[in-house]
Amino acid sequence: VALYKSVPTRLLSRAWGRLNQVELPTWLRKPVYSLYIWTFGVNMKEAAVEDLHHYRNLSEFFRRKLKPQARPVCCVHSVISPSDGKILNFGQVKNCEVEQVKGVTYSLESFLGPRISTEDLRFSEVPPGNSFQQQLVTKEGNELYHCVIYLAPGDYHCFHSPTDWRVSHRRHFPGSLMSVNPGVARWIKELFCHNERVVLTGDWKHGFFSLTAVGATNVGSIRIYFDQDLHTNSPRYSKGSYNDFSFISNNNKEGIPMRKGEHLGEFNLGSTIVLIFEAPKDFKFHLKAGQKIRFGEALGSL
């Protein structure tokens, strides 16, 4: 593990990012993309543009858009999958620990960072003696839930809003860019806390809601469409540091309203989305660990 952690994954990811942006000659595009499609099982019939010659470089191909009808958004259930991927884990958060894969956990506070000011999130004051997990739960009788979705290289790389909510705050953690493949996640504890990530927090009708985009090897680029100030995988960073940005201001008291299914952001290759949110005790997930899921399909509801 120590040897793997010493690999310069950030530098390699920046080099890979530059390579991805090199424009390919028209004659080379089809064979290169066809090899990728065959290797990772990409379904190009869902792509808005199926012609491989249209994509000037690998980056454009990775971030290809889908046909509007390819991913119908479930209107019955309150929380949908924000992306295509594989369900690694889900359930209630217990003892301030979250599972990244079965049996391997990480600290909720290390992952999200210190609690954000109540002015940003407009949450009620919580007694300081409560645990970090209890401080996030704003309504009596509610529980904290989590869901982890792994995006493989062949998946659709955009992610969307999983519910109707308001984004109040962004916290960016620069960090490592180790692989988040489930095989690697089994043997590196707190992997998601080591890796670069962008934590969006806010509230939905049941209280606290957060969506975190976790970077990985060759996925230094995390883009949030409404956040032009966000720059990921910079050459220099201080270990353990993070930077905050509030979407609440004198001119905007509501933050960024997001509708269920609305475009939220994108990765440059494939990575992981972690949802951590508050809901009443009768919230039920409609999932099985290890199952494949597509953007727009139900995660759970009341």
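Below, the structure is looked at part by part. (Residues numbered from 1 in each chain as written. Predicted model: local features only at pLDDT ≥ 70, side-chain atom pairs only at ≥ 80, totals over all residues. Heavy atoms only, no water.)

1. Here we look at the layout of surface pockets
Of the voids in this model, the largest pocket is the one considered here, and its volume is about 310 Å³. In terms of lining residues, the largest pocket is bounded by 16 residues, among which P174, C193, H194, K239 and G240 are the most central. Residue composition of the lining of the largest pocket, by class: six nonpolar, seven polar and three charged. (1 Å grid on protein atoms, 1.4 Å probe; cavity = no way out; pocket = protein on both sides within 12 Å on 5 of 7 lines; lining within 4 Å. Points joined across faces, edges and corners; volume = space filled by probe spheres on them. Nonpolar A, V, L, I, M, F, W, Y, C, P; charged D, E, K, R; others polar.)

2. What about the environment of P153?
Secondary-structure assignment places P153 in the loop between strand 5 (142–150) and strand 6 (158–160). Since its relative accessible area comes to 22%, P153 is described here as partly exposed. As for P153 and F62, which are separated by 91 residues in sequence, their C-alpha atoms are 8.3 Å apart. Among all residues touching P153, those that are not within four sequence positions of it are Y36, F40 and L269. (Helix = DSSP H or I, 4+ residues; strand = E, 2+ residues; numbered from the N terminus. Buried < 20%, exposed > 50% of the residue type's maximum accessible area, 1.4 Å probe, protein only. Contact = heavy atoms within 4.5 Å.)

3. Description of the pattern of salt bridges
Inspection of the entire model under this criterion finds 15 salt bridges. With a closest N to O distance of 3.0 Å, R71 and E46 form a salt bridge. With R71 in the loop between helix 4 (58–62) and strand 1 (79–80) and E46 in the loop between helix 3 (26–40) and helix 4, this pair connects stretches of sequence that are 25 residues apart. Residue classification places E46 among the buried residues on the basis of a relative accessible area of 15%. Across the pair E50 and K67 runs a salt bridge, and its minimum N-O distance is 2.7 Å. Placement of the pair is E50 in the loop between helix 3 and helix 4 and K67 in the loop between helix 4 and strand 1, with a sequence separation of 17 residues. Residue classification places E50 among the partly exposed positions, given a relative accessible area of 41%. Accessibility expressed as a relative area gives 24% for K67, which makes it partly exposed. Through salt bridges with shared partners, a single network forms among E46, R71, D84 and R294. (Salt bridge = Lys/Arg side-chain N within 4 Å of Asp/Glu carboxyl O.)

4. Topic: the sheet that holds strand 6
Neighbouring strands of a sheet are bound in pairs by backbone hydrogen bonds; such pairs are parallel or else antiparallel. Judged by pairing direction, the sheet is antiparallel, and its three strands sit side by side in the order 6-13-10 without closing on themselves. Because the sheet does not close on itself, it has two edges, and the strands there are strand 6 and strand 10 (222–224). Strand-to-strand twist across the sheet, computed as the mean angle between neighbouring axes with direction ignored, equals 20°. Where strand 10 and strand 13 (residues 263–267) come together, three bridges link them in antiparallel fashion. Bridged to I222 within strand 13 is F267. (Pairing = 2+ DSSP bridges. Axes fitted to C-alpha atoms, helices over the stretch in contact; angles between N-to-C directions.)

5. Focus: the sheet that holds strand 17 (residues 298–301)
Across the sheet, three strands lie side by side as 1-17-15; this open sheet has antiparallel pairing. Bordering the open sheet on either side are strand 1 and strand 15 (284–285), each of which pairs with just one other strand. As defined by bridge partners, strand 1 adjoins strand 17 across two bridges and the pair is classed as antiparallel. In the sheet register, V79 faces strand 17, and the bridge partner there is G300.

6. A closer look at the pairing of strand 2 (residues 85–92)
When a strand is regular, its side chains alternate between the sheet's two faces. Pairing analysis gives two bridges linking strand 2 to strand 16 (residues 292–293), with the strands arranged antiparallel. Opposite G85, over in strand 16, you have I293 as the bridge partner. Here strand 2 pairs with strand 5 via six bridges, running antiparallel. Bridging across to strand 5, G91 finds its partner in H146.

7. Describing the side chain of H146
Within the secondary structure, H146 sits in strand 5. Assessed through its relative accessible area of 3%, H146 is described here as buried. Residues within four places of H146 in sequence aside, it is in contact with N89, F90, G91, Q92, V93, V98, E99, L275, I276 and F285.

8. Brief notes about the nonpolar core
Residues C147, F159, W165, I273, L275, F277 and L299 are the most contacted members of the largest nonpolar core, which totals 32 residues. Counting only elements with at least two residues in this core, the list comes to strand 5, strand 7 (165–173), strand 8 (197–204), strand 9 (207–214), strand 10, strand 12 (256–258), strand 13 and strand 14 (272–280). Element by element, the count of residues in this core is highest for strand 14, at four residues. With residues near it in sequence (within four places) discarded, F159 still touches P82, S83, L211, A213, R223, I224, H263, L264, G265, E266, F267 and I273. Listed in part, the 28 residues of the second largest apolar core include L88, V137, F208 and I276. (Core = buried A, V, L, I, M, F, W, Y, C linked by side-chain atoms within 4.5 Å.)

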